[in-house]
Amino acid sequence: MGSTFGGLNILSRSLYANQASLETVGHNIANAGTDGYSRQRVNLVTASPSGEVYGRNKNYSGSGVTVASITRARDRFTDEQLWKESSSLSYSQTSSAALTKMEGVFTEPSETGIQTVLNRFWTSWQTLSTDASDSSARTAVAQQGVALVNAVQHAAEQLRDTAANVNTEVVATVNKINQISESINKLNEQIYFTEFSGTNNANDLRDSRDLLVDELSKLVDVSVKEDSTGRYTIQTSGLTLVDAKGYCNKLSTETTAKNTPPDNLSYDVTNVVFVNTGNVVNFADGKGELKALLDSRDSSTKGIKGYMNNLEKVSQFLLQDFNAVHRSGYGTDNTNGRNFFGDGNAAGNTDYTLVTPTGGWINALQVNTDITDSTSGLAIIAAKTTFSLVSAVTADEGNTGKATVSATGTYTGGATPQDVKVRVDSSGNVEYSIDDGTTYTAAPSGSFTVLGMSINIAVDTTPTPAPTATDTYDFTLSTGNNNASGDNAILLGNCLKTKPSSTLGNVSLDSFYQAMIGTLGVQSQDAQRLNTNQKTVVDQLTNLRASTSGVNMDEEMTDMIRFQKGYNASARVLTAMDEMLDKLINSTGIVGR
């Protein structure tokens, strides 16, 4: 026979089991909105039966129910997939944001972008080529040159500021990684001691640890392994951040200056190092926010470094190629060998084809201060290709010969040009006039002196004028005259728009810059596309994990009713058994008294 009070044990177990189930339902409902929480469930099993003898055979009597464990609903495979894809999503998000900021630096197309300024600079040279002695045109060239320098320098400065911000974010991210790693290491030990007996499950602690891994996977690529004691070993790029033995290894940062050759980046670079070895960490490509930050700064194709290098090439082109054309030309003071960009006379007009600036090409880029310091500096702008104080010789209508004029000496007429007429008769006699032909003075052998200039005119006398006719030629003497007025201005304009340069990869400056901006736009669009696609993958995995681990209020309410009914039923049975025992104890054995 079973124990008289055995039924009480069965029902008490039932009450405890249903109570534990109700409490777990309440715990689930309370944490329905808690980040990282996994739905928990009570695992009920039949209690070990007791052997009893009923009648002629030995039968086993049930002993009720018992709580085997309380476990959380979690799919480890989905977790690992989500950690992997979250790392990729975080990389694409950070990369896309960085490229968007880069687009904001160049602001193309816009009225303030470098392309617009470059076009205006080119237009100013085209205007100057039509009237090389016009002071307003020369002023416009100088001003547009300054605007171009300012645009390039401003873009470079914004890139430097962005690099400094990246360095700050790298330090903050490394600190966050170390904090998360330390927290995971502490949870490892708490979980180990909680589950040491083998009868308890540290469900909430495990949820907290997995939530930290979720955050860590967004920062760097992670590899997670769990040992038999329930501890995690977490690695990134082959380096162990959290060891199952209870060690927590840290990352650190070190900053080095990159403003000297061969880098010449004009900004500092903060790298991530492993504290145990001091070596720079090379994180997995395309994984994690930290790697995206480093790539957005250091990549030669889509990072700050790459676009700083492009601006360096633009500056080098202006200081080398553009200056070379300008140095070969002459200003209105008939002097050549001077820079439009870079240093001025005080520094000897450095030939940048022979010298590399110590601080880099961008830092050396400026409009020659001799041009911008005073109005007289406009004479430096080299709009002509040849040295001459004599304008092109104009033959009057009906002339039968040709003439060329050369001049030497220093013009003493100041800023006022002097018109000169020369006439040649059929015998080759030469006369000149400086009063518009009112009076003529003989010029033996075609030589004469006007306002300090020694003039020589050579006449092609074949065919000669008719016996009674003369050929007349006009030219002008002045400080700024030119036999080919504005021809060098045209060459300088072509240098900006059409002339290929080996500095820029055998394309023109205009084509180089347009290709750079086009590449930036394509990179930004591609990053946004990858970000959208990756977000779809992560959303799917997140929903898949939620279907397993998430709290469904309808299911919990159903379970609540079920366990409540079970608890009430157990209580009713317990009441009936109590009445039965009361009858047995208080009413049995009183017959015949």
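Our structure is the block above this text.
Residues numbered from 1 in each chain as written. Predicted model: local features only at pLDDT ≥ 70, side-chain atom pairs only at ≥ 80, totals over all residues. Heavy atoms only, no water.

Draft legend 1. Spotlight on the overall build of the protein. Along its length, the protein carries 12 helices and 17 strands. In terms of C-alpha radius of gyration, the protein reaches 45 Å, well past the compact-globule figure of 25 Å for 593 residues. In terms of overall dimensions, the protein has C-alpha extents of about 180 × 45 × 35 Å along its principal axes. Residues classed as buried in the protein amount to 44% of the 593 residues present. By element, 51% of the accessible surface of the protein is carried by carbon and sulfur atoms, the whole surface being about 29200 Å². Taking the average location of the 45 positive side-chain charges in the protein and that of its 62 negative ones, the two points are 15 Å from each other. (Helix = DSSP H or I, 4+ residues; strand = E, 2+ residues; numbered from the N terminus. Rg over C-alpha atoms; globule rule 2.2 N^0.38 Å. Buried < 20%, exposed > 50% of the residue type's maximum accessible area, 1.4 Å probe, protein only. Areas by Shrake-Rupley, 256 points an atom, 1.4 Å probe, with all protein chains shown as cover. Lys, Arg positive; Asp, Glu negative; His and termini not counted. Charge placed at Lys NZ, Arg CZ, Asp CG, Glu CD.)

Draft legend 2. Structural context of the nonpolar core. One finds Phe-106, Trp-125, Leu-318, Phe-322, Phe-340 and Phe-341 to be the most contacted residues of the largest nonpolar core, which totals 85 residues. In terms of residue count, helix H4 (residues 135–194) provides more of this core than any other element does, 18 residues in total. Ranked by size, the runner-up nonpolar core spans 18 residues in total, among them Val-424, Val-430, Ala-443 and Met-453. (Core = buried A, V, L, I, M, F, W, Y, C linked by side-chain atoms within 4.5 Å.)

Draft legend 3. Region of interest: the pairing of strand E6 (residues 232–236). Side chains Tyr-232, Ile-234 and Thr-236 project from E6 onto a buried face, and the interleaved Thr-233 and Gln-235 project onto a face without burial. Bridge analysis of strand E5 (residues 223–226) against E6 gives 4 bridges, and the strand direction is antiparallel. Each bridged residue has a counterpart across the sheet, and for Lys-225 the counterpart in E6 is Thr-233. Hairpin connection, E5 to E6: the antiparallel pair is bridged by 5 residues, and Gly-230 has positive phi, about 90°. In the sheet, E6 pairs with strand E7 (residues 239–242) via 3 bridges, with the strands oriented antiparallel. Counted as the bridge partner of Gln-235 is Thr-240 from E7. (Pairing = 2+ DSSP bridges.)

Draft legend 4. Broad picture of unusual backbone geometry. Put simply, Glu-108 and Pro-109 share a cis peptide bond, and its omega is -10°. Here Pro-109 shows up in the loop between helix H2 (76–106) and helix H3 (114–130). Even without glycine at this site, Ser-237 takes up a positive phi of about 50°. You can call Ser-237 partly exposed: its relative accessible area is 28%. Even without a glycine there, the phi angle at Asn-506 is positive, about 65°.

Draft legend 5. Here's a closer look at the sheet that holds E7. The 3 strands lie next to each other as E5-E6-E7, forming an open sheet whose pairing is antiparallel. The outermost strands of the open sheet, each flanked by one partner alone, are E5 and E7. Geometrically, the sheet is characterised by an average inter-axis angle of 30° between neighbouring strands, direction not taken into account. Along the sheet face, helix H5 (residues 203–219) touches E5, E6 and E7 and points at about 5° away from the line of E6. (Axes fitted to C-alpha atoms, helices over the stretch in contact; angles between N-to-C directions. Contact = heavy atoms within 4.5 Å.)

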